[in-house]
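Spelled out from the first residue to the last, the chains are:
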Amino acid sequence: MAGLALAMFVGLFAFGQQVMGYDDPHGRVQLALLATFTFGVLIGYRAHS
């Protein structure tokens, strides 16, 4: 499951603009994706412990 989540994150982070078609000249969508992924990893790590 973690591998799938990582693959989806990398795909959306790298190619999301072409795949989803959003306009992001200032990188705010990429920043939101990075923050969401980071918070998910932190929460998943804390819940697993």
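Residues numbered from 1 in each chain as written. Predicted model: local features only at pLDDT ≥ 70, side-chain atom pairs only at ≥ 80, totals over all residues. Heavy atoms only, no water.

J.: I'd like a description of the environment of Ala-32, backed by residues and values.
T.: Checked against the element boundaries, Ala-32 lands in helix H2 (residues 28-48). Residue Ala-32 is classed as partly exposed on the basis of its relative accessible area, which comes to 40%. Put simply, Ala-32 and Leu-12 are 20 residues apart on the chain and 11 Å apart in space, counted from C-alpha to C-alpha. (Helix = DSSP H or I, 4+ residues; strand = E, 2+ residues; numbered from the N terminus. Buried < 20%, exposed > 50% of the residue type's maximum accessible area, 1.4 Å probe, protein only.)

J.: Please give an account of the UniProt feature "transmembrane region" (unreviewed entry) in the chain that cites residues and values.
T.: UniProt annotation of "transmembrane region" (unreviewed entry) refers to residues 31-48 when read in the numbering used here. Across residues 31-48 one finds 100% helix and 0% strand; the C-alpha atoms that close the span lie 26 Å apart. (UniProt positions renumbered as here; feature names shortened; annotations may be inferred.)

J.: I'd love a proper account of the environment of Thr-36, names of residues and values included.
T.: With respect to the helices and strands, Thr-36 occurs in helix H2. Between the C-alpha atom of Thr-36 and that of Gly-3, which follows or precedes it by 33 residues, the distance is 16 Å.

J.: How would you sum up the packing of aromatic side chains? Please name residues and give values.
T.: Summed over all chains, the structure comprises two aromatic pairs. Ring geometry for Phe-9 and Phe-37: centres 4.3 Å apart, planes at 10 degrees, overall stacked. Of this pair, Phe-9 sits in helix H1 (residues 2-20) while Phe-37 is found in helix H2, placing the two residues 28 residues apart along the sequence. Relative accessible area serves as the criterion here: at 15%, Phe-9 is assigned to the buried category. In this structure an aromatic cluster arises from ring pairing among Phe-9, Phe-13 and Phe-37. (Phe/Tyr/Trp six-rings, centres within 6.5 Å; stacked < 30°, edge-to-face > 60°.)

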